[in-house]
Amino acid sequence: MRASGVVFLMYHELELEGRSLCQTDPGYVRYVVRGSDFRTQMQLLSSDGWSGSSVGEAIASFPERAVAITFDDGSETDLLVAAPILSEFGFTATFYITSGWLGRPGFLAPSQLCELSSLGFEIGSHSMTHAYLTDLEEVDMRREISDSKLQLEQILGKPVEHFSCPGGRFDARVARIAREAGYRTVSTSEPRINTPATNRFALGRVAVLRHNSPSELLGVCMGRGLSRSRIGARLREATRSALGNSTYDRLRNTLLRRPKDDGQG
Ligand SMILES: [Zn+2]
């Protein structure tokens, strides 16, 4: 029996056969789950009695045998691949959008974002430019967090209440500014289960990676192995702080030749 609470899954772009990915470096591709694998995962969750919910639903009631399903970045495959599969199994989800990337090749156009919202999916913000927030001065951090909310709300005509951190970079300033900007939650890339006692401005999420097997996914939904992942996440955070974000990213892309977890977002 898992601890009471809800695991938040974190997905990125999905791969559709014959369609090129938004980026091709190894550090990106390992976060890209094949569309066919995503369907298998949702089918398995459904047949095992799980429901897929949005962040708003998850924190409202922390339902039993539920996972929150989230997507970062705002890839066009959110609408083309994820949405129909989620709907097929009666699941919902939260899509965190990098507002400054709307309309770029491979990413959602504003009209597609509205369509995704009208299908009943929850829309959150993933900043304006996908800058690593912890590198920024407060004025720039505020712009990334607050202006992206306003921009998305203008497009959608409804409130945007949830934020996720680009690259998983998170600190107390991010939480404070998000709260001041009117968000109700912040999701990080810290792999832990969320309970009613969890700080809503530091929610955990678990990345689903390209190489993860369906049984690994079920284990994650049960909360298995998360404390070990958390130690890995803390080590990475310490390395990032020591090296700086840009050096860390260059090094990571050089070293990434073997499947190993990393806390992107
Ligand atoms: Zn991202």
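Details of the structure are given in the entry above.
Residues numbered from 1 in each chain as written. Predicted model: local features only at pLDDT ≥ 70, side-chain atom pairs only at ≥ 80, totals over all residues. Heavy atoms only, no water.

Participant: Mind showing me how you'd approach the packing of helix 5 (residues 110-118) against helix 6 (residues 138-156) here?
Facilitator: When two helices pack together, you describe them by how their axes are tilted relative to each other and by the distance separating the axes. At their nearest, the axes of helix 5 and helix 6 sit 9 Å apart, and the two run at 75 degrees to each other. One way to sum up the angle between helix 5 and helix 6 is to call them roughly perpendicular. Of helix 6, the residues touching helix 5 (which contributes Pro110, Leu113, Cys114 and Ser117) are Leu152, Ile155 and Leu156. The residue inventory of the contact of helix 5 with helix 6, partitioned by class, reads six nonpolar, one polar and no charged. (Axes fitted to C-alpha atoms, helices over the stretch in contact; angles between N-to-C directions. Helix = DSSP H or I, 4+ residues; strand = E, 2+ residues; numbered from the N terminus. Parallel < 35°, antiparallel > 145°, perpendicular 65-115°, else oblique. Contact = heavy atoms within 4.5 Å. Nonpolar A, V, L, I, M, F, W, Y, C, P; charged D, E, K, R; others polar.)

Participant: How should I be thinking about empty space enclosed by the protein in this particular structure?
Facilitator: Picture a little ball the size of a water molecule; that probe, rolled over the atoms, points out where space is still empty. Evaluation of the coordinates by the stated rule reveals one cavity of 30 Å³ or more. Size it by volume and the largest cavity reaches roughly 40 Å³. Lining the largest cavity are Val206, Ala207, Val208, Asn212, Glu216, Leu217 and Val220. Listing elements by their share of the lining of the largest cavity, those giving two or more residues are strand 10 (206-207) and helix 8 (214-221). It is helix 8 that provides the largest number of residues to the lining of the largest cavity, a total of three residues. Across the lining of the largest cavity, the residue classes break down as five nonpolar, one polar and one charged. (1 Å grid on protein atoms, 1.4 Å probe; cavity = no way out; pocket = protein on both sides within 12 Å on 5 of 7 lines; lining within 4 Å. Points joined across faces, edges and corners; volume = space filled by probe spheres on them.)

Participant: Explain unusual backbone geometry to me, please; I cannot follow it from the model alone.
Facilitator: Glycine aside, negative phi is the norm for most residues, and most peptide bonds take the trans geometry. Here Phe62, not a glycine, exhibits a phi torsion of approximately 40 degrees, which is positive. The topology assignment puts Phe62 in the loop between helix 3 (55-61) and strand 5 (66-71). The class for Phe62 is buried, based on a relative accessible area of 13%. Positioned with a positive phi, Arg65 is a non-glycine residue whose angle comes to about 45 degrees. Of note, Arg65 is situated in the loop between helix 3 and strand 5. Relative accessible area serves as the criterion here: at 34%, Arg65 is assigned to the partly exposed category. (Buried < 20%, exposed > 50% of the residue type's maximum accessible area, 1.4 Å probe, protein only.)

Participant: Help me understand the environment of Asp78 in this model?
Facilitator: The topology assignment puts Asp78 in helix 4 (residues 77-88). The exposure class of Asp78 is buried, given its relative accessible area of 0%. C-alpha separation for the pair Asp78 and Leu14, spaced 64 residues apart in sequence, amounts to 7.6 Å. Discounting residues that sit within four places of it in the chain, Asp78 has contacts with Phe71, Ala83, Phe95, Ile97, Leu108 and Leu116.

Participant: I tried to follow helix 8 on my own but got confused; where do I start?
Facilitator: Helical geometry note: an α-helix holds 3.6 residues per turn, so side chains three or four residues apart project in the same direction. Of the residues making up helix 8, those classed as buried are Leu217, Leu218, Gly219, Val220 and Cys221. In this fold, the buried residues of helix 8 make contact with strand 1 (7-11), helix 2 (35-47), strand 5 and strand 10.

Participant: Just to check I follow, could you spell out the pattern of salt bridges for this structure?
Facilitator: It is possible for side chains bearing opposite charge to pair when their charged atoms get close. Taken as a whole and judged by the stated rule, the model has 16 salt bridges. Its salt-bridge partner being Arg39, residue Glu88 comes within 2.3 Å of it at the nearest N-O pair. Of this pair, Glu88 sits in helix 4 while Arg39 sits in helix 2, and the two are 49 residues apart along the sequence. Overall, the relative accessible area of 44% leaves Glu88 in the partly exposed class. When its relative accessible area of 30% is taken as the criterion, Arg39 is described as partly exposed. The shortest N-O distance in the salt bridge between Arg142 and Glu180 comes to 3.1 Å. Placement of Arg142 in helix 6 and of Glu180 in helix 7 (residues 172-181) is noted, with a sequence separation of 38 residues between them. Classification of Arg142 by relative accessible area gives partly exposed; the value is 32%. Taking the relative accessible area as the measure of exposure, Glu180 reaches 48% and is therefore partly exposed. A network of salt bridges, in which partner residues are shared, links Glu138, Arg142, Arg176 and Glu180. (Salt bridge = Lys/Arg side-chain N within 4 Å of Asp/Glu carboxyl O.)

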